[in-house]
Amino acid sequence: MPLKFQREGIKYADLSDEEKEQWDELEWDEDGTVPTGWSPRRSNKWLFNKDTVDKVLRHLMTQGLTVAGGDRLGKTILFAKNQAHADFIAERFDANYPHFRGEFARSSPSRSNTRRA
């Protein structure tokens, strides 16, 4: 599962010996405290980058639910942290799947950002 740590976070106890060694060598904070894990929420905040978004989109496009006898990806909603994140996801989709550019993935303003007249 390519997105396991984004969903479940990271637990020090589950790491291999080599990964534990790398974990211990990281400079986590100024007082030298090393955490025993990394929550999914913290992972998602930290992983707002091209590589992560591209992996999520690739997973969606290859493993997502399909319709029309498996010929098309079904309608899917991706939730983003904020409008900038939604726009970034749509931009990455267009970059990775230019043949669907502007038609397949779109970001919509959140309701909290929408003004009523």
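Here the residue index of a chain counts from 1 through its sequence in written order. With the structure being a predicted model, the display of local features is reserved for residues of pLDDT at least 70 and the display and counting of side-chain atom pairs for 80 or more, all residues being used for whole-chain, interface and lining totals. Only hydrogens and water are set aside when side-chain values are computed; all heavy atoms of the structure are taken into account.

Colleague: Teacher, can you tell me more about the pattern of salt bridges here?
Modeller: Opposite charge on two side chains lets them pair, provided their charged atoms get close. Any carboxyl oxygen of Asp or Glu within 4 Å of a side-chain nitrogen of Lys or Arg constitutes a salt bridge here. Tallying each qualifying case throughout the model produces 2 salt bridges. Asp51 serves as the salt-bridge partner of Lys55, at 3.3 Å between the closest nitrogen and oxygen. With Lys55 and Asp51 both in helix 4 (residues 50-63), this residue pair falls 4 residues apart, about one helical turn. Residue classification places Lys55 among the partly exposed positions, given a relative accessible area of 34%. Categorising residues by exposure relies on relative accessible area from a 1.4 Å probe, with only protein chains included: less than 20% of the type maximum marks a residue as buried, more than 50% marks it as exposed, and the intermediate range marks it as partly exposed. In this structure Asp51 comes out as partly exposed when scored by relative accessible area, which is 44%. Its salt-bridge partner being Arg92, residue Asp54 comes within 2.8 Å of it at the nearest N-O pair. With Asp54 in helix 4 and Arg92 in helix 5 (residues 83-96), this residue pair connects regions lying 38 residues apart in the sequence. The helix count covers DSSP runs of H or I at least four residues long, the strand count covers runs of E at least two residues long, and both are numbered beginning at the N terminus.

Colleague: Explain the nonpolar core here, please?
Modeller: Note that soluble globular proteins tend to have their nonpolar side chains buried in a common cluster. Definition used in this section: a nonpolar core is a set of buried Ala, Val, Leu, Ile, Met, Phe, Trp, Tyr and Cys residues joined via side-chain atoms within 4.5 Å. Counting residues in hydrophobic clusters, the biggest one holds 7 residues: Val53, Leu57, Phe88, Ile89, Phe93, Tyr97 and Ala105. Contributions of two or more residues to this core are made by helix 4 and helix 5. The biggest single contributor to this core is helix 5, with 3 residues. If we ignore the near neighbours within four places in the chain, the residues touching Tyr97 are Leu57, Arg58 and Met61. Residues count as neighbours in contact if any of their non-hydrogen atoms are within 4.5 Å of one another.

Colleague: I keep staring at unusual backbone geometry and nothing clicks. Help me out?
Modeller: Peptide bonds are, in most cases, trans, and in most cases residues other than glycine have a negative phi. Of note in this structure, Ala68 is not a glycine but carries a positive phi near 55 degrees. Tracing the backbone through its elements, the reader meets Ala68 in the loop between strand 3 (66-67) and strand 4 (72-73).

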